[in-house]
Amino acid sequence: MREKIDINTWLRKDHFNFFSTFEEPFFGVTVDVDCTETYKEAKELEVSFFLLYLHKSLIAVNKVENFKYRIIDGEVWKYDEVHASATINRPNGTFGFSYMDFHKNFEDFRVEAVKEINKVKNSTGLIAASSGENVIHYSAIPWLNFTSLSHARNYSYKDSCPKISFGKVRDEDGKKIMAVSIHANHALMDGFHIAQFVDAYQELLSKKSLC
């Protein structure tokens, strides 16, 4: 489900009109998150750490309204929920795109996500997911501890889906620390909204929600 935003009465009217004229309206930040408890939780439950931190990021994303805005044919729409379009790494060094529905219950999410991951791993090519606009573009780069990140962009395509990337988990003073890069369309949100996501995500990562 989605609803159309009346731009003329929208609080972000001026911001939208200003940044919509940019060839590159995306901006991005990279932050460190403490995923110690979620890492322990995944080990204790014998579930995928990747799927657990991905699921928690989806919960956080769906708590922040601006992450659910999309620009479609010059109009702004707000979706009730957003899902995941994540890159899945294959053993041969390539990757493919996936589509994973968001479920509030982790086990429901995990079961469907594992099926999608196996489908991508047992195929070739990119498999461009027919996921629509109500997704977050996710990627994991578990081999690199990055401090910044940029994305390949086709400027002729008016993209408005936020992009979240996860880096290598590193040990630091007894904690598990992971870099997270967040890129978003400035016509739809600002640094304030990204901070809301980061705060919500860190809160979820800091507790064992499933144990």
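The name an unreviewed UniProt entry gives the chain is Chloramphenicol acetyltransferase, with Pedobacter jejuensis as the organism.

Undergrad: Even after reading the chapter, I still don't get unusual backbone geometry, so can you show me in this structure?
TA: For residues besides glycine, phi is generally negative; the peptide bonds are generally trans as well. Of note in the backbone geometry, Asp 73 takes a positive phi value of approximately 55° without being a glycine. Within the fold, Asp 73 resides in the loop between strand 3 (69-72) and strand 4 (75-79). The backbone of Asp 173 shows a phi angle near 55°, a positive value even though the residue is not glycine. Here Asp 173 is to be found in the loop between strand 8 (163-172) and strand 9 (175-185).

Undergrad: What exactly am I supposed to notice about the UniProt feature "active site" (unreviewed entry) in the chain here?
TA: Those residues carrying the UniProt feature "active site" (unreviewed entry) are His 186 in this numbering. One can find His 186 in the loop between strand 9 and helix 5 (191-205).

Undergrad: Would you explain helix 5 in this entry?
TA: An α-helix turns once per 3.6 residues; consequently, residues spaced three or four apart project the same way. The end-to-end C-alpha distance of helix 5 is 21 Å, a good match for the 21 Å that 15 residues give at a rise of 1.5 Å each. In this fold, the buried residues of helix 5 make contact with strand 2 (26-34), helix 2 (36-45), helix 3 (49-61), strand 8 and strand 9.

Undergrad: Whenever I open this one, the pattern of salt bridges confuses me. Can you help?
TA: A side chain of one charge can pair with a side chain of the opposite charge if their charged atoms are brought near each other. The tally for this structure, following the rule as stated, stands at 16 salt bridges. The shortest N-O distance in the salt bridge between Asp 190 and Arg 12 comes to 2.6 Å. Of this pair, Asp 190 sits in the loop between strand 9 and helix 5 while Arg 12 is found in the loop between strand 1 (2-4) and helix 1 (13-19), placing the two residues 178 residues apart along the sequence. Per residue, the accessibility class of Asp 190 equals that of Arg 12, and both read buried. Connected through shared salt-bridge partners, Glu 37, Lys 40, Glu 44 and Lys 208 make up one network.

Undergrad: Mind showing me how you'd approach the nonpolar core here?
TA: Soluble globular proteins tend to pack their nonpolar side chains together in the buried interior. Ranked by size, the top nonpolar core spans 43 residues in total, and within it Met 100, Tyr 138, Phe 197 and Tyr 201 carry the most contacts. Contributing elements (two or more residues each) for this core: strand 2, helix 3, strand 5 (83-89), helix 4 (106-121), strand 7 (135-140), strand 8, strand 9 and helix 5. Grouped together as the second largest cluster of nonpolar side chains are 10 residues, Ile 7, Phe 16, Phe 19 and Ile 71 included.

Basis of the calculations
Residues numbered from 1 in each chain as written. Predicted model: local features only at pLDDT ≥ 70, side-chain atom pairs only at ≥ 80, totals over all residues. Heavy atoms only, no water. Helix = DSSP H or I, 4+ residues; strand = E, 2+ residues; numbered from the N terminus. UniProt positions renumbered as here; feature names shortened; annotations may be inferred. Expected span 1.5 Å × (residues − 1). Contact = heavy atoms within 4.5 Å. Salt bridge = Lys/Arg side-chain N within 4 Å of Asp/Glu carboxyl O. Buried < 20%, exposed > 50% of the residue type's maximum accessible area, 1.4 Å probe, protein only. Core = buried A, V, L, I, M, F, W, Y, C linked by side-chain atoms within 4.5 Å.

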